[in-house]
Amino acid sequence: MMRMFSHSHLLRRASVLAVVAAVALLVVGCGGGQGAEPTTSTGSTSAAGDVLSVEGTEFSFTPSTVKASAGQTTIRFTNHGGVEHDFLIDALDLHLHANPGKAAEATVTLTPGTYATYCSIPGHRESGMKGTLTVS
Ligand SMILES: [Cu+2]
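Bear in mind that the values here come from a model prediction, so they are computed numbers and not experimental data.

Draft legend 1. Layout of the pattern of salt bridges. Applying the stated criterion across every chain yields a total of one salt bridge. A salt bridge links Glu-105 to Arg-76, with the nearest nitrogen and oxygen atoms 2.9 Å apart. Of this pair, Glu-105 sits in strand β7 (residues 103-110) while Arg-76 sits in strand β4 (residues 71-79), placing them 29 residues apart in sequence. The exposure class of Glu-105 is partly exposed, given its relative accessible area of 44%.

Here it is in structure tokens:
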């Protein structure tokens, strides 16, 4: 019904990319052809938990494609648009709703896989508010 047009240009891609880059750095190059698996890690609670940040505007998520490591992760959704938006991942029962200028977050336990993300406000998903979360 109601249409609002916003002029916000708060696409702070830089900060988001920094987070993505940090996650990517966790992938340490595996050189040798040895088949033996090191028995380090996986036994202890890894880190204090990662934080995954996604921003929403009319009508897209930034970044639309996000990657994360399995385990406990806090997903934070910030609405930089002029109308309400939300960020859903059905498979994880995740539903973060944020009014304009607000943020919402939740901590979930991720398992490897590819998950569809979208905004459930009528018409928004079709307009481009959708993406993918890849957990490895
Ligand atoms: Cu939306």
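The structure having been displayed, the exposition proceeds.
Draft legend 2. Geometry of the pairing of strand β5 (residues 85-89). Burial runs high along β5: five of the five residues are buried. Residues His-85, Phe-87 and Ile-89 line one face of β5 and the alternating positions Asp-86 and Leu-88 line the opposite face, and both faces are buried. Bridge count between β5 and strand β6 (residues 94-98): five bridges; the pairing is antiparallel. Across the sheet, residue Leu-88 finds its bridge partner in β6, namely His-95. Remark: four residues form the turn of the hairpin made by β5 and β6, two consecutive strands paired antiparallel; Asp-93 in that turn has positive phi of roughly 55 degrees.

About the thresholds
- Residues numbered from 1 in each chain as written.
- Predicted model: local features only at pLDDT ≥ 70, side-chain atom pairs only at ≥ 80, totals over all residues.
- Heavy atoms only, no water.
- Salt bridge = Lys/Arg side-chain N within 4 Å of Asp/Glu carboxyl O.
- Helix = DSSP H or I, 4+ residues; strand = E, 2+ residues; numbered from the N terminus.
- Buried < 20%, exposed > 50% of the residue type's maximum accessible area, 1.4 Å probe, protein only.
- Pairing = 2+ DSSP bridges.

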